[in-house]
Amino acid sequence: MSFFPKIRLRQEVEEYLRNVYHNNELVATLGADEAEKKFVRLQSHLSHPPSFTTVRVNLRMTSVEHAKRLLSEEIHKFPSVVIPIHHHPQLNDLLLIPVIGPRRALKQHPVQVIVGSQCGSAVLRGAHVYSAGILSATKWMKEGDEVSVYSDIEGKCKRGATEFDGVKVFIGNGISELSRSEIFCSNSPIKGKGIRMTEPVYLSPSFDNVLPGYVFLQNLPSAVVSHVLNPQPGERVLDMCAAPGGKTTHIATLINDQGEVIAMDKIANKVEKIKQNASVLKLNSIQAYCFNSTKAVTRDATGSGQGPPFPPESFDRVLLDAPCSGMGQRPNMACALSLKELTSYQPLQRKLFSAAVSLLKPGGTLVYSTCTITLSENEEQVAWALKTFPCLQLQAQVPHIGGEGMAGAGLSPDQLKLLQRFDPSLAVLCDFDINDMTCQEEDWTVLANTDTIGFFIAKFVKNI
Ligand code: SAM
């Protein structure tokens with residue numbers, strides 16, 4: 001059931017995505033009416049958060065049961081809230097926590113705070129409002145005031161404004177921890193928390209810095225990727241676009257920290273984040289490098305082979321979690337991408353993919369993933385890869401929790417079955433009510449597996 005308006009897109013982008021969902025192959029299977037309904041559902045579901053927060057347990061540091069008990073204690077610090085936590089039956093290291101909401105009956109206060117849409121999305125996934133995210137606050141706002149918080153989904157609110165008449169979406173109530181002047185007027189604006197959210201429209205416990213080392217907040221499809229890669233102890237694994245290291249640390253955990261996990265990212269401060277995460281999770285098998293992965297292959301035999309670039313056929317497994325248009329992210333109430341930006345990723349992904357194939361040993365495994373929903377970054381890339389690299393075979397994925405690939409790129413039905421696409425248009429949005437959490441466990445799993453961010457996974461093996 002929709003609570004927020006559908007995602008706002010530039011018209012050219014909306015048309016492009018509509019065409020993706022109305023491509024000839026898909027319309028031939030579904031019919032034009034069903035294809036349109038699917039596209040309408042997609043736009044609505046993208047603006048809502050997934051119905052579950054998913055937390056990956058670092059099984060090297062603790063057991064799932066122990067992490068579950070500790071998380072329960074954290075959650076129940078919320079007064080009068082009893083939120084059950086479930087163990088995902090197919091993912092041995094994943095916990096599911098329902099997101100309560102939307103809470104439709106919240107009373108709105110006269111003191112208003114407007115935040116940017118990114119900050120708004122974070123609030124809908126359990127964050128408080130940091131002062132840097134605040135764009136506007138009512139003139140007389142004092143520390144300790146009860147305030148209502150709104151997201152400026154069109155990006156039109158001027159920083160420091162006292163009122164805002166543009167399009168805004170109510171995302172919850174909170175208590176101001178700063179006065180208006182402390183946020184906007186002081187010479188050195190105070191950093192840190194600006195609004196402590198007490199009644200968010202979606203109640204999703206904030207696990208920021210909770211049980212560091214034991215748990216890692218990760219979207220469900222992202223937590224599937226490293227299982228699909230299936231790394232083994234003692235192997236040499238490359239994660240080509242790794243920051244902030246969610247999947248790198250998962251890979252290192254799955255090999256029990258025995259082997260070598262090389263993580264690369266082209267942005268230096270993001271590489272620091274990978275190192276930080278590896279250190280917090282106490283994983284020693286990870287080596288992180290700031291490097292442009294399109295240049296990761298060297299034919300120069302004098303290369304040390306320790307750090308990048310690497311000679312061909314250096315790795316048992318390669319993960320390419322590619323930079324992408326990110327159109328599967330949720331909640332996303334407004335996307336400012338132009339069509340040019342949206343369609344700009346395919347060539348870069350192909351360069352990275354070519355390097356990945358070259359770096360893979362014969363018999364090795366390559367996993368390609370994105371957090372987007374377009375054909376051009378997903379199924380079309382698979383069709384291109386199979387044509388360009390006859391040495392690659394598409395492989396079945398374990399676990400296969402999402403749906404199959406989307407028709408429209410000329411892949412056969414058997415090939416589509418080997419792909420894993422998490423398609424938000426298939427989600428059933430649920431209203432979880434704080435007073436009625438009686439849903440059956442099997443139903444939880446079905447909901448959690450379908451109501452996810454948009455995501456795509458393909459697995460290949462290189463011929464011996
Ligand atoms: N795998 C990460 C995780 O699970 O935490 C998320 C990776 S994110 C989807 C894509 C990353 O690719 C970004 O951090 C970006 O900086 C990086 N990137 C973009 N172009 C790159 C390139 N040419 N070489 C290496 N990294 C690149």
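Since the structure is predicted, the reported quantities are computational estimates derived from the model, not experimental observations.

Some points on the overall build of the protein
Along its length, the protein carries 14 helices and 18 strands. Its C-alpha radius of gyration of 23 Å places the protein within 12% of the 23 Å reference for a compact globule of 464 residues. Across its three principal axes, the protein shows a C-alpha extent of roughly 70 × 50 × 50 Å. Going through the 464 residues of the protein one by one, you find that 56% of them count as buried. Long-range contacts, defined as pairs at least 24 residues apart, comprise 77% of the intrachain contacts of the protein with a sequence gap of at least 6.

Points about the packing of aromatic side chains
The full count for this structure, using the stated rule, is 11 aromatic pairs. Geometrically, the ring pair formed by Tyr150 and Phe170 is tilted, given 5.6 Å between the ring centres and 50° between the ring planes. A residue pair is termed long-range when its members are at least 10 positions apart, and Tyr150 in strand 7 (residues 146-152) and Phe170 in strand 8 (residues 168-176) qualify at 20 residues. Given a relative accessible area of 6%, Tyr150 falls into the buried group. The class of Phe170 is buried, set by a relative accessible area of 13%. Ring-pair connections join several aromatic residues into one group, and the members of that group are Phe353, Tyr368, Trp384, Phe389 and Phe460.

Some points on the site of the ligand
Neighbouring the ligand are 18 residues, the closest being Lys247, Asp265, Asn292, Ser293 and Asp321. One of the backbone nitrogen or oxygen atoms of Gly246 is found 3.0 Å away from an oxygen atom of the ligand. Here Asp321 contributes a side-chain N or O atom positioned 2.7 Å from a nitrogen atom of the ligand. In isolation the ligand exposes 600 Å². Once the protein is present, 87% of that is buried. Of the residues contributing to the shell around the ligand, the split by class is 9 nonpolar, 4 polar and 5 charged.

Quick look at the packing of helix 7 (residues 220-229) against helix 8 (residues 246-254)
At a closest axis distance of 9 Å, the pairing of helix 7 and helix 8 adopts a crossing angle of 45°. Considered as vectors, helix 7 and helix 8 are oriented oblique to each other. Helix 8 is crossed by helix 7, and the crossing has right-handed handedness. Residues Ser222, Ala223, Val225, Ser226, His227 and Leu229 of helix 7 form the contact with helix 8, whose own contacting residues are Lys247, His250, Ile251 and Leu254. The residue makeup of the contact of helix 7 with helix 8, split by class, is 5 nonpolar, 4 polar and 1 charged.

A few points about the pairing of strand 9 (residues 193-200)
The side chains of a regular strand alternate between both faces of the sheet. Sheet analysis places strand 5 (residues 129-130) next to strand 9, joined by 2 bridges and oriented antiparallel. Opposite Val129, over in strand 9, you have Ile195 as the bridge partner.

Things to note about the domain arrangement of the protein
Annotation of the protein at the domain level lists domain 1 (1-103 + 202-464) and domain 2 (112-200). In this structure, domain 1 and domain 2 have C-alpha centres spaced 31 Å apart. A combined buried area of about 1400 Å² lies between domain 1 and domain 2, and 55% of that area is made up of carbon and sulfur atoms. Counting the contacts that link domain 1 with domain 2 gives 1 salt bridge. Note that Arg8 and Glu154 form a salt bridge whose closest N and O atoms lie 2.6 Å from each other. Between domain 1 and domain 2 we count 7 residue pairs in polar contact (both at pLDDT 80 or more) in total. Split into classes, the residues belonging to the side of domain 1 that touches domain 2 amount to 11 nonpolar, 3 polar and 3 charged.

Thresholds applied
- Residues numbered from 1 in each chain as written.
- Predicted model: local features only at pLDDT ≥ 70, side-chain atom pairs only at ≥ 80, totals over all residues.
- Heavy atoms only, no water.
- Helix = DSSP H or I, 4+ residues; strand = E, 2+ residues; numbered from the N terminus.
- Rg over C-alpha atoms; globule rule 2.2 N^0.38 Å.
- Buried < 20%, exposed > 50% of the residue type's maximum accessible area, 1.4 Å probe, protein only.
- Contact = heavy atoms within 4.5 Å.
- Phe/Tyr/Trp six-rings, centres within 6.5 Å; stacked < 30°, edge-to-face > 60°.
- Near = heavy atom within 4 Å.
- Polar contact = N/O pair within 3.5 Å; in protein donor to acceptor, adjacent residues only side chain to side chain.
- Areas by Shrake-Rupley, 256 points an atom, 1.4 Å probe, with all protein chains shown as cover.
- Nonpolar A, V, L, I, M, F, W, Y, C, P; charged D, E, K, R; others polar.
- Axes fitted to C-alpha atoms, helices over the stretch in contact; angles between N-to-C directions.
- Parallel < 35°, antiparallel > 145°, perpendicular 65-115°, else oblique.
- Left-handed = near helix turned anticlockwise from the far one by under 90°.
- Pairing = 2+ DSSP bridges.
- Domains from an automatic or database assignment.
- Buried area = accessible area lost by both parts, 1.4 Å probe.
- Salt bridge = Lys/Arg side-chain N within 4 Å of Asp/Glu carboxyl O.

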